[in-house]
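# Structural characterization, general
Residue strings, one per chain:
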Amino acid sequence: MSGKSYFLNKIDWYIIKKVLATFFVSIILIDFVIIIIDLSFKIDDFIDRQAPLKSVFIDYYLNLAPYFTNQFGHLFFFISIVFVTSRLTLRSEIVAILASGISFKRLLRPYIVSAIFVGLFMLYLSNFLIPQLNVVRYEFERKYYRNKYTNMQTNIHIQTNKNTQVYVLSYNNENNVGYLYSQETFDKNSIIKKITADEARYDSVKKDWVLYNYTLRTIDGKQEQLSKGNTMRINNGLKPLDFNNKLFKVDVLDYFELNKAIERERMKGSNLVQGLLIEKNQRLFNPIAFIILTIIGVTLSCKKKRGGMGANLALAIALAFILILLMKIMVASALNGNLPPILGEAIPLFLFSIVAIILVKKAPK
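Heads up: these notes are all about the structure in this document. No experiment lies behind these values; they were computed from the predicted model shown. (Residues numbered from 1 in each chain as written. Predicted model: local features only at pLDDT ≥ 70, side-chain atom pairs only at ≥ 80, totals over all residues. Heavy atoms only, no water.)

## Let's talk about the overall build of the protein chain
What counts is decided by this rule: The secondary structure listing takes helices from DSSP runs of H or I that are at least 4 residues long and strands from runs of E that are at least 2 residues long, numbered from the N terminus. The globule rule is 2.2 Å times the number of residues to the power 0.38, and the radius of gyration it is compared with is taken over C-alpha atoms. Partly exposed residues are those whose accessible area sits between 20% and 50% of the maximum for their type, while under 20% is buried and over 50% is exposed, using a 1.4 Å probe and protein chains only. In what follows, residue pairs with any heavy atoms lying within 4.5 Å of each other are defined as contacts. Only the protein chains shown count as cover for residues, and all accessible areas are computed by the Shrake-Rupley method using a 1.4 Å probe.
Tallying secondary structure elements over the protein chain gives eight helices and six strands in all. When the helices and strands of the protein chain are placed in sequence order, the string is α-α-α-α-β-β-β-β-β-β-α-α-α-α. Radius of gyration (C-alpha) of the protein chain: 27 Å, far over the 21 Å computed for a compact globule of 365 residues. Projected onto the principal axes, the alpha-carbon positions of the protein chain cover approximately 85 × 50 × 40 Å. In the protein chain, buried positions account for 44% of the 365 residues. Considering only contacts within the protein chain whose residues lie at least 6 apart along the sequence, 62% involve residues at least 24 apart. Approximately 20,100 Å² of the protein chain is accessible, and the part contributed by carbon and sulfur atoms is 61%.

And the structure:
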């Protein structure tokens, strides 16, 4: 395993293939098991609401599988690392590699490459693919599983930016219509433009709003211009979910939409900002956990122990659950406002990084 001119040699690729194959096979199997269990609980609802069989498996469960993959990724990648390394150790392959003069840090290279690959894959899933698939999945649930939500809120005020405020008397989430719409634009403390309308209806195709029976007032000092009309299109930066807090689902927002939502909620002074920041940090920090868990898993499995692979797997599952539990606790603290969102993700990873460093120093040379 000298590899003087190669970043990765044959043994490296051998380990990478073993790790990735074990991980993807295990995660596909657990996805399949969870889907079967989930279907057993929901099948009566699907039958009662006459959900098409194709939609059940394509629109719902096929779109749900990546979500489960992301949720259980840390645990099953850690188990895969421990499983593969324990087998290599039991066959004395790790001993032979280290005895040939290869350092333990060099031995970690193929494992870390595997962790980076899976981490980037999960980064893509959580930030781009899963939000896109969740839109279709939630629409299926709305039709065939969950009870419809009716917006009962009245007198809804939303600040779209620092100079603009929107108001509707009520909002119908079934047809995405706001009644008695009003939009005011300010310059310092003075109103410079005001739009009122009987209705504001969202156009899902053009992604804007159509105002019906509108009145537009433009004020420039002491001069005022007034215009009226039947319909007018505007892009006020709002989406139907902005009027439906109970329907607001952060997991349908990709990375760029999430950043826009954070800025929009900050301008509105919303209490949703903390949760949005936590979601963003989780998506960005979670891939780092793959590298940390990989180092811990390899160091724990490269020595022969009494109990063999079973003992290593039991320890791996325990450590993975500790990390996941610690991350959940920190997230809960951040949601309650007792901890900055970024620390809620960074503290567990920092603590386990220390554990990884200590284990590497004690690893066989």
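There's more to say after this.
## Considering the pattern of salt bridges
Condition: One speaks of a salt bridge when a side-chain nitrogen belonging to Lys or Arg is within 4 Å of a carboxyl oxygen belonging to Asp or Glu.
Per the counting criterion, the structure on display carries 14 salt bridges. One salt bridge connects Glu 224 with Arg 217, and the closest N-O pair in it is separated by 3.3 Å. For Glu 224, a relative accessible area of 47% translates into the label partly exposed. Salt-bridge contacts for Glu 263 lead to Arg 266; the nearest nitrogen and oxygen are separated by 3.2 Å. Remark: Arg 266 and Glu 263 occur in helix α5 (residues 255–268); sequence separation between them is three residues, near one turn of the helix. Glu 263 sits in the partly exposed class, given a relative accessible area of 44%.

## Description of the nonpolar core
Rules: The definition of a nonpolar core used throughout is a set of buried Ala, Val, Leu, Ile, Met, Phe, Trp, Tyr and Cys residues joined through side-chain atoms within 4.5 Å.
The biggest cluster of nonpolar side chains holds 49 residues, and the ones touching the most others in it are Phe 77, Phe 78, Phe 104, Tyr 111 and Ile 296. Counting only elements with at least two residues in this core, the list comes to α1 (10–48), α2 (53–90), α3 (93–99), α4 (104–144), α6 (273–301), α7 (308–335) and α8 (341–362).

## Digging into the packing of α2 against α4
When two helices pack together, their arrangement is given by the angle between their axes and by how far apart the axes lie. Put simply, the test is: Axis lines are fitted to C-alpha atoms, over the contacting stretch for helices. Their N-to-C directions set the angle, which ranges from 0 to 180 degrees. Any angle between 65 and 115 degrees counts as roughly perpendicular, while under 35 counts as roughly parallel, over 145 as roughly antiparallel, and the rest as oblique. Two helices crossing with the near one rotated counterclockwise from the far one by less than a right angle form a left-handed crossing, whereas a clockwise rotation gives a right-handed crossing. Residues were grouped as follows: Ala, Val, Leu, Ile, Met, Phe, Trp, Tyr, Cys and Pro as nonpolar; Asp, Glu, Lys and Arg as charged; and all remaining residues, including Gly, as polar.
Running from N to C, α2 and α4 cross one another at 160°; their axes reach a closest spacing of 7 Å. As summarised for this structure, α2 and α4 are arranged roughly antiparallel, according to the angle between their axes. Along this stretch, α2 crosses α4, giving a crossing that reads as left-handed. Residues belonging to the contact of α2 with α4 are distributed by class as follows: 17 nonpolar, eight polar and three charged.

## Some words on the pairing of strand β1 (residues 154–161)
Formally: We treat two strands as partners when DSSP finds at least two bridges between them.
Here β1 runs beside strand β2 (residues 164–172); their pairing, made up of six bridges, is antiparallel. From the neighbouring strand, Ile 156 faces β2, where its bridge partner is Val 168. If you look at the hairpin formed by β1 and β2, you'll find two residues sitting between the two strands.

## Examining unusual backbone geometry
The phi torsion at Asn 155 lies on the positive side, around 55°, for a residue other than glycine. When its relative accessible area of 42% is taken as the criterion, Asn 155 is described as partly exposed. Phi at Lys 207 is positive, roughly 60°, even though this residue is not glycine. Along the chain, Lys 207 turns up in the loop between β4 (190–203) and β5 (208–220). Judged by its relative accessible area of 53%, Lys 207 is exposed.

## Structural notes on the packing of aromatic side chains
Any two aromatic rings considered together are summarised by their centre-to-centre distance and by the angle between their planes. Spelled out, the test is: Whether two aromatic rings pair depends on their centres lying within 6.5 Å, for rings of Phe, Tyr and Trp, where Trp uses its six-membered ring; planes under 30 degrees apart make the pair stacked, over 60 edge-to-face, and the rest tilted. In this scheme, Lys NZ or Arg CZ marks a charge over a ring once it lies within 6 Å of the ring centre and within 35 degrees of the ring normal.
Enumeration over the complete set of coordinates arrives at 20 aromatic pairs. Look at Phe 23 and Phe 77: their rings are 5.5 Å apart centre to centre, the planes differ by 80°, and that puts the pair in the edge-to-face class. You can see Phe 23 sitting in helix α1 and its partner Phe 77 sitting in helix α2, a full 54 residues away along the chain. By the burial criterion, Phe 23 is buried, and Phe 77 matches it. When the ring of Phe 57 is compared with that of Tyr 61, the centres are 6.4 Å apart and the planes differ by 45°; the resulting orientation is tilted. Of this pair, Phe 57 and Tyr 61 both sit in helix α2, separated by four residues, roughly a single helical turn. For Tyr 61, a relative accessible area of 2% corresponds to the buried category. Through a chain of ring-to-ring contacts, the aromatic side chains of Phe 46, Phe 57, Tyr 60, Tyr 61, Phe 140, Tyr 144 and Tyr 145 assemble into a single cluster. In this structure, Arg 137 is placed above the aromatic ring of Tyr 138, and the distance from its NZ or CZ to the ring centre is 4.8 Å. Its end group placed over the ring of Tyr 138, Lys 249 keeps NZ or CZ at 4.7 Å from the ring centre.

## Re the side chain of Asn 134
Within the element layout of this structure, Asn 134 appears in helix α4. Ignoring anything within four residues of it in the chain, the contact list for Asn 134 reads Asp 251 and Val 252.

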